[in-house]
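The primary structure of each chain is shown beneath.
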Amino acid sequence: MEEDQMPYVLQNKNTEQLFTCMLVNHYGLAYYGVKFWPEQEEANELSRDFLLSITGVVPEDWQVIELEEGEMKLCNVKLKNDPNLSICWLPTRKSEVRKLEN
């Protein structure tokens, strides 16, 4: 990601949870983290089809928001590569980790 680009992520409008899933980094390594797009236009164009491809997800419940790259990286660190955790982005620009309910 270039320095001048900000990551655009999906946030649940009801719970403030950020959309997380298995991703692949630029080294080709799989990790569990915040799904993002490098440009707003791309996020707006692709996020709905992305959400529609996931069973049980209601696209209307999600919105595209902008994070700073460091904020997103901190969210990924807090997730500890653990799919049992979720991360919420609060209006105070702070993240909060929650254990997913089964």
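So, here's what we can say about the structure.

So, the overall build of the protein
Now for step 1: If you tally the helices and strands in the protein, you get 2 helices and 7 strands.
Now for step 2: Secondary structure elements of the protein, listed N to C terminal, follow the sequence β-β-β-β-α-β-α-β-β.
Now for step 3: Taking 13 Å as the expected radius of gyration for a compact globule of 102 residues, we find that the protein reaches 13 Å, a close match to that expectation.
Now for step 4: Expressed along its principal axes, the backbone C-alpha trace of the protein runs to roughly 35 × 30 × 25 Å.
Now for step 5: Here the protein holds 102 residues, and 37% of them are scored as buried.
Now for step 6: Considering only contacts within the protein whose residues lie at least 6 apart along the sequence, 57% involve residues at least 24 apart.
Now for step 7: Accessible area for the protein stands at about 6600 Å²; split by element, carbon and sulfur atoms hold 50% of it.

Considerations on helix α1 (residues 40–52)
Now for step 1: In this model α1 runs 19 Å from its N-terminal to its C-terminal C-alpha over 13 residues, within 8% of the 18 Å that 1.5 Å per residue would give.
Now for step 2: The principal kink in α1, of about 40°, is found at Leu46.
Now for step 3: Taken together, the buried positions of α1 are Ala43, Ser47 and Leu51.
Now for step 4: In the core, the buried residues of α1 are packed alongside β1 (8–12), β4 (36–37) and β5 (62–66).

Description of the sheet that holds β5
Now for step 1: As summarised here, the arrangement of the 3 strands in space is β4-β1-β5, forming an open sheet in which the pairing is antiparallel. Across the chains shown, the open sheet's two edge strands, defined by having one partner strand only, are β4 and β5.
Now for step 2: For β1 and β5, the ladder comprises 5 bridges, and the chain directions are antiparallel. Within β5, the position partnered with Tyr8 by the bridge is Glu66.

Conventions used here
Residues numbered from 1 in each chain as written. Predicted model: local features only at pLDDT ≥ 70, side-chain atom pairs only at ≥ 80, totals over all residues. Heavy atoms only, no water. Helix = DSSP H or I, 4+ residues; strand = E, 2+ residues; numbered from the N terminus. Rg over C-alpha atoms; globule rule 2.2 N^0.38 Å. Buried < 20%, exposed > 50% of the residue type's maximum accessible area, 1.4 Å probe, protein only. Contact = heavy atoms within 4.5 Å. Areas by Shrake-Rupley, 256 points an atom, 1.4 Å probe, with all protein chains shown as cover. Expected span 1.5 Å × (residues − 1). Bend = angle between axes of the 7 residues up to and from the residue. Pairing = 2+ DSSP bridges.

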